[in-house]
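Chain by chain, the residues:
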Amino acid sequence: MAITTVPETPRKPGRPPSPYSARPQRTSLGRKVRDNLTGHTFLIGAVLCFVVFSWYPMVRGIVMSFQRTRRGETTWVGWDNYSRIIADPSFWPAWQNTLYFTLLALLLGYAAPFFVAILLNEFRHAKGYLRILVYLPVMLPPASALYLFKFYAYDPSEAGLFNAILKALHLPTSQWMQSPEMTMPAMVIASTWMNMGGAVLIYLASLQNIPGELYEAAELDGAGIWKRIRHVTIPQTRLILALLAMIQIVATMQLFIEPLILANGAGAEDSATSVAYLIYQHGFFQNDLNGAAALGVIMLVVLAGFSAVYLRLSAKQD
């Protein structure tokens, strides 16, 4: 039997494959460099924004506090701006008003979000709706919310919301922002309503991380709701409480927009003048940028002192 072979089809002559035709594989070193370059690019942008809009104004303000600018000429005057600011008759009343507002805000604005969060945590239904309802004031522009309080809630006539409620309860009405005694409490109420939504959500997240076995054990021991809050809730949320307390102090000591809108700046008998508003007065009304810078540095030192005390106490507790 004869075996037939099929001749092979001759290949067309062509150029040899180029050594550059295949795509080279990326090495791990190149991949790391590319990944780090992308990350550093985003980081450099964030750092530049922080330097330009935070660090530079801070350093510039510290330098200006030791200078005096008159008719375009800048001279170094040392501590003269600080001496002049401290001798200002409005300096100490502004600090007293600021500290008074901070104290009231700690008593009301710090405690209210915590207990509202505990109350919301006990609900079994409509949790999402209630959270939106509590957080809604945070989404409003602060100026709009404060004007709502000024012209609707704090109207000194009986047409005002709060005075209408007091009248319905057969209680004496108030002049609110026109009264020196009620100026600070009224501003604290408005500030608490505007800002407590974020703190409530933080507290809710912390409360939901507490093991349910602790509450069950407390109930078996006969602990009521107040004992459960005291012996279970507060110890388990101690770190969050301490952190938000520090944030509350720093934020309330920078009181500015509330007296600016609600009390037209100073308020009745200068009862609403704060340190931040005094800085605004020196810088924009009196054209004393150097004095405003000196007062800003004093506030910076005070807030840094509060922060240092907080970090020291936190380190001891840990």
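Residues numbered from 1 in each chain as written. Predicted model: local features only at pLDDT ≥ 70, side-chain atom pairs only at ≥ 80, totals over all residues. Heavy atoms only, no water.

Colleague: Please provide a residue-by-residue account of the overall build of the protein, values included.
Modeller: In terms of helices and strands, the protein carries 14 helices and two strands. Intrachain contacts of the protein at a sequence separation of at least 6 include 64% that bridge at least 24 residues. For the protein, the accessible area works out to roughly 21,300 Å², and carbon and sulfur atoms hold 65% of it. (Helix = DSSP H or I, 4+ residues; strand = E, 2+ residues; numbered from the N terminus. Contact = heavy atoms within 4.5 Å. Areas by Shrake-Rupley, 256 points an atom, 1.4 Å probe, with all protein chains shown as cover.)

Colleague: How would you summarise the pairing of strand β2 (residues 73-76) if you had to cite specific residues and measurements?
Modeller: A regular strand places its side chains so that they alternate between the two faces of the sheet. Direction of pairing for strand β1 (residues 67-70) relative to β2: antiparallel, over a ladder of four bridges. Paired with Arg-70 across the strands is Glu-73, a residue of β2. Hairpin connection between β1 and β2: a loop of two residues separates the two successive antiparallel strands, and Arg-71 in this loop has a positive phi of roughly 55°. (Pairing = 2+ DSSP bridges.)

Colleague: Quick rundown of the pattern of salt bridges? Include the residues and the values.
Modeller: Applying the stated criterion to the full structure yields two salt bridges. Here Asp-288 makes a salt bridge to Arg-84, at a shortest N to O gap of 2.6 Å. Taken as a pair, Asp-288 in the loop between α13 (275-285) and α14 (289-317) and Arg-84 in helix α2 (residues 80-86) lie far apart in primary sequence, 204 residues in all. Residue class for Arg-84 comes out partly exposed when judged on its relative accessible area of 32%. Residues Glu-158 and Lys-167 are paired through a salt bridge, measuring 2.8 Å at the closest nitrogen-oxygen approach. Owing to a relative accessible area of 46%, Lys-167 belongs among the partly exposed residues under this scheme. (Salt bridge = Lys/Arg side-chain N within 4 Å of Asp/Glu carboxyl O. Buried < 20%, exposed > 50% of the residue type's maximum accessible area, 1.4 Å probe, protein only.)

Colleague: Summarise the nonpolar core; cite the residues concerned and give the values.
Modeller: Membership of the largest hydrophobic core comes to 22 residues, with the highest contact counts inside it found for Tyr-110, Ala-117, Leu-120, Val-200 and Tyr-203. Those elements that provide at least two residues to this core are α4 (111-122), α5 (127-139), α8 (183-207), α9 (212-220), α10 (225-236) and α11 (238-252). The biggest single contributor to this core is α8, with six residues. Those residues in contact with Val-200 that lie beyond four places of it in its chain are Pro-113, Val-116, Ala-117, Leu-120 and Val-134. With 21 residues, the next largest nonpolar core counts Phe-101, Tyr-154, Met-177 and Ala-190 among its residues. (Core = buried A, V, L, I, M, F, W, Y, C linked by side-chain atoms within 4.5 Å.)

Take it as geometry only, folks, not as evidence of what the structure does.
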